[in-house]
Amino acid sequence: MLIFAAILAIFVYGMIAAMLGTILPELSERFKLTPTQNGTIATVQALGLIIASLSVGPLLDTQGDKVGLILGLGSIAVALFLLPRSKGYGNILLLMFLLGMGGGIVVTGANALANSVSGSQSAVVLNLVNLFFGLGGLATPFIAANIFKKNWVRLCYTVAGLTVAALAVQAFAHMPAPTGNAQFLLANVGPILGKPVIFMLGLFLFLYITCEVGVWNWLPRHLIAQGIPESRALNILSLGFALGLLIGRVAISPVLAHAPAIEVTLGASIAMAVTTFLMLQTNKPGMAFALVFIAGLSMAPVFPTTLAITGQAFPQMTGTALGFVITCGWVGLAVSSRIIGSIAGNDPRRLKKALLIFPVSAVLMIGLDVAIWSILR
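The following paragraphs examine the structure supplied in this document. (Residues numbered from 1 in each chain as written. Predicted model: local features only at pLDDT ≥ 70, side-chain atom pairs only at ≥ 80, totals over all residues. Heavy atoms only, no water.)

## Some details on helix H13 (residues 302-313)
For H13, which comprises twelve residues, the first-to-last C-alpha distance of 16 Å matches the rise-based estimate of 16 Å (1.5 Å per residue) to within 8%. Burial of H13 is extensive: ten of the twelve residues sit out of reach of the surface. What H13 keeps buried is the set Val 302, Phe 303, Pro 304, Thr 305, Thr 306, Leu 307, Ala 308, Ile 309, Thr 310 and Gly 311. (Helix = DSSP H or I, 4+ residues; strand = E, 2+ residues; numbered from the N terminus. Expected span 1.5 Å × (residues − 1). Buried < 20%, exposed > 50% of the residue type's maximum accessible area, 1.4 Å probe, protein only.)

Spelled out as structure tokens, the structure:
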């Protein structure tokens, strides 16, 4: 039941992770938004993710995962029910911030829950749980393009309804007791922040989230600017990138049962550097689909495996450690969103240049992976 609860929460988070990139073309057309404003929207969502991830770790450690998951899913549902009623740019910013807050709480809480019940096989379990993130990410743009025919209002209400159902499951599930002290003290964070590896893992996710969530947010707009029809662009995101993530996390699980987790992230980082560069060099739908799919395969094991490494390194105050590392990832999203929006300016075609931040980040991940490997030895 606990794994099912974690899977359901991760599935919902996957759906909202793909939400901004899915509805951004329609929002931009309806409210005449520029790429710079798109970047601000993505940054505001990232700020919500940052604040939530930074603050939810102590909450999970002292009050338990259930409280966090219910709070996060409730915030997501409210944001999605209200988003179709937005009156303009300001409303969108506020609701995307709330959506980010809910998402940050859910992703930390769900991974902490899965980690707490997985024992020594945390890397395998976290990858299997997070494959449902890929399934959720696949569902949102696929439904938008093929069922709702780009009707983003119906999409928001549908995902909101599923979120409420997931919230009910969390409410009835019997979850483990908190792992931290009954009263959280700032001094308890000292042993975590005193280890350099926590900052290296945080920087690693800073670079990785720049790539993965950057693809979710910006890929459809980039492909449309390159002349690919919107429905085809959304299918490339769902049946290409999201499906690649899903299949990759299934395929990597047997490997993680035998290979060190850090070796897996190193290989994935190398593959990311190559595939993210190549996928930006084509405007042919078929080639774009293939390269984006391979990029999804490359990225698949990185996030959950990094969280597994973090959980193994910090068996006490695990929620706080995970929250810190994930927060660093959301900071990467906030920083990269502003950079991408600034480079693209008012011309969506310039996203081709702006999104080169993906392969650059992946190259930096390779060097950081080697450094983390040397410490863990």
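From this point, the discussion proceeds with the structure in view.
## As for the packing of helix H1 (residues 2-17) against helix H7 (residues 152-172)
Between two packed helices, both the angle of their axes relative to each other and the distance between the axes serve to describe the pair. Put simply, H1 and H7 touch, their axes get as near as 10 Å, and they point 160° apart. In terms of axis orientation, H1 runs roughly antiparallel to H7. Crossing geometry of H1 relative to H7 is assigned as left-handed. Across the interface between the two elements, Phe 4, Ala 5, Leu 8, Ala 9, Val 12, Met 15 and Ile 16 of H1 pack against Val 159, Leu 162, Thr 163, Ala 166, Val 169 and Gln 170 of H7. Considered class by class, the residues forming the contact of H1 with H7 number eleven nonpolar, two polar and no charged. (Axes fitted to C-alpha atoms, helices over the stretch in contact; angles between N-to-C directions. Parallel < 35°, antiparallel > 145°, perpendicular 65-115°, else oblique. Left-handed = near helix turned anticlockwise from the far one by under 90°. Contact = heavy atoms within 4.5 Å. Nonpolar A, V, L, I, M, F, W, Y, C, P; charged D, E, K, R; others polar.)

## Description of a nonpolar patch on the surface
Nonpolar side chains collect at one region of the surface, where Val 78, Phe 81, Leu 82, Tyr 157 and Val 164 lie side by side and expose about 390 Å² of accessible area between them. Listing elements by their share of the nonpolar patch, those giving two or more residues are helix H4 (65-82) and H7. At three residues, the largest contribution of residues to the nonpolar patch is made by H4. (Patch = residues over 30% accessible without salt bridge, like charges linked within 9 Å, V, L, I, M, F, W, Y side chains within 5 Å. Areas by Shrake-Rupley, 256 points an atom, 1.4 Å probe, with all protein chains shown as cover. Salt bridge = Lys/Arg side-chain N within 4 Å of Asp/Glu carboxyl O.)

## Some remarks on the environment of Leu 27
Here Leu 27 lies in helix H2 (residues 19-31). With 232 residues separating them in the primary sequence, Leu 27 and Ala 259 have C-alpha atoms 44 Å apart. Non-local contacts of Leu 27, meaning those with residues more than four positions away in its chain, are made with Lys 32, Leu 33, Ile 92 and Trp 152.

## Looking at the packing of aromatic side chains
One pass over the full model with this rule turns up six aromatic pairs. The interplanar angle of 85° and the centroid separation of 5.8 Å between the aromatic rings of Phe 133 and Trp 216 together place this pair among those described as edge-to-face. A residue pair is termed long-range when its members are at least 10 positions apart, and Phe 133 in helix H6 (residues 122-146) and Trp 216 in helix H9 (residues 196-225) qualify at 83 residues. Relative to Phe 241, the ring of Trp 216 lies with its centre 5.1 Å away and its plane at 75°, an arrangement referred to as edge-to-face. Separated by 25 residues along the polypeptide, Trp 216 in helix H9 and Phe 241 in helix H10 (residues 230-256) bring together distant segments of the chain. Each member of the pair, Trp 216 together with Phe 241, is buried. Among the aromatic residues, those joined into a cluster by ring pairs are Tyr 13, Phe 133, Trp 216, Phe 241 and Trp 330. (Phe/Tyr/Trp six-rings, centres within 6.5 Å; stacked < 30°, edge-to-face > 60°.)

## Here's the deal with the nonpolar core
In terms of nonpolar packing, the biggest core is built from 128 residues, with Tyr 13, Tyr 208 and Trp 330 touching the most fellow members. It is H9 that provides the largest number of residues to this core, a total of 16 residues. Residues contacting Tyr 208, with those up to four places away along its chain left out, are Leu 245, Arg 249, Met 272, Met 299, Val 302, Phe 303 and Met 365. (Core = buried A, V, L, I, M, F, W, Y, C linked by side-chain atoms within 4.5 Å.)

## Some details on unusual backbone geometry
Within the chain, Lys 32 stands out as a residue other than glycine whose phi angle is a positive 55°. Mapped onto the fold, Lys 32 is located in the loop between H2 and helix H3 (35-63). Residue class for Lys 32 comes out exposed when judged on its relative accessible area of 67%.

## Details of H10
For H10, spanning 27 residues, the distance from its first C-alpha to its last is 37 Å, which sits close to the expected 39 Å at 1.5 Å a residue. A bend of about 30° at Leu 243 is the largest found in H10. (Bend = angle between axes of the 7 residues up to and from the residue.)

## Some thoughts on the pattern of salt bridges
Scanning the entire structure with this criterion turns up two salt bridges. Between Arg 249 and Glu 212 there is a salt bridge whose closest N-O contact spans 4.0 Å. Here Arg 249 is found in helix H10, whereas its partner Glu 212 is found in helix H9, with 37 residues between them in sequence. Accessibility classification places Arg 249 together with Glu 212 in one group, the buried group. When the shortest N-O distance is used, the salt bridge between Asp 347 and Arg 349 registers 3.2 Å. Taking relative accessible area as the criterion, Asp 347 reaches 23% and is therefore assigned partly exposed. On the basis of relative accessible area, Arg 349 is assigned to the exposed category, the value being 57%.

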